[in-house]
Amino acid sequence: MNKTIFKSIGAVLAGFVLGAVLSVGADFLMDKMGIMSMENFKQTPFYIICIVVLYRFIFNVIGCYLTAKLAPNKPMKHVIIIGIIGTVLSLLGSFAMWDRAIPFYNIAIILISLPSAWLGGQLFLKKQNNGKTKN
């Protein structure tokens, strides 16, 4: 295997891990602060679930931005790979916790994977292109 493949794998892993760590960390903080209960997630108020979906979207964008930045080439290809992986894992997670969360949450988490990945990549490309025009 050449170095480019390892850099690509590292870029995808780095972005994925960053998004996951931020999401799990925020969930943990909200649970410890009593804002939501991870054990009784189905009882969480709807507006809190909307906030959870929003911060997961933002954290996914940040993780995908990092992936695009670290990608050795074709940054959008790398972020779409994360988006696909995220969609598949979200589907699996939804099946696993369907009875523990309201359907809105499960469906929303599935639906945000690809758009947040795309947005993270686009933000990177926009910043990269702005930097080139200023020099």
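What you see is a predicted model; the values in this text were computed from it and never measured. (Residues numbered from 1 in each chain as written. Predicted model: local features only at pLDDT ≥ 70, side-chain atom pairs only at ≥ 80, totals over all residues. Heavy atoms only, no water.)

A. Structural detail: helix α2 (residues 46-70). Between its terminal C-alpha atoms α2 stretches 36 Å, which fits the 36 Å expected from 25 residues at 1.5 Å a residue. Among all positions of α2, only Ile48, Ile49, Val52, Val53, Tyr55, Arg56, Phe59, Val61, Gly63, Cys64, Thr67 and Ala68 are buried. (Helix = DSSP H or I, 4+ residues; strand = E, 2+ residues; numbered from the N terminus. Expected span 1.5 Å × (residues − 1). Buried < 20%, exposed > 50% of the residue type's maximum accessible area, 1.4 Å probe, protein only.)

B. Region of the structure containing the environment of Phe95. Among the structural elements, Phe95 can be located in helix α3 (residues 75-97). Sequence-wise, Phe95 and Thr44 are 51 residues apart; in three dimensions their C-alpha atoms are separated by 19 Å.

C. Spatial organisation of the packing of aromatic side chains. Taken as a whole, this structure holds three aromatic pairs when the rule is applied. Here Tyr55 and Phe59 contribute two aromatic rings whose centre-to-centre distance is 5.5 Å and whose plane-to-plane angle is 45°, an arrangement assigned as tilted. You can see Tyr55 and its partner Phe59 sitting in helix α2, four residues apart, about one turn around the helix. Taking relative accessible area as the criterion, Tyr55 reaches 10% and is therefore assigned buried. (Phe/Tyr/Trp six-rings, centres within 6.5 Å; stacked < 30°, edge-to-face > 60°.)

D. Spotlight on the confidence of the model for the chain. Averaged over every residue, the pLDDT of the chain is 91; the share at 70 or more is 97%. Put simply, helix α4 (residues 103-134) is where the chain has its lowest mean pLDDT, 89, and α2 is where it has its highest, 96. (pLDDT = per-residue confidence, 0-100.)

E. Representation of the side chain of Ser90 in the model. Positionally, Ser90 belongs in helix α3. Beyond its immediate sequence surroundings of up to four residues, Ser90 is in contact with Ile109, Ile110 and Ser113. (Contact = heavy atoms within 4.5 Å.)

F. Broad picture of the side chain of Ser23. As for its placement among the helices and strands, Ser23 is situated in helix α1 (residues 3-32). The exposure class of Ser23 is buried, given its relative accessible area of 4%. Those residues in contact with Ser23, other than ones at most four positions away along the chain, are Tyr55, Arg56 and Phe59.

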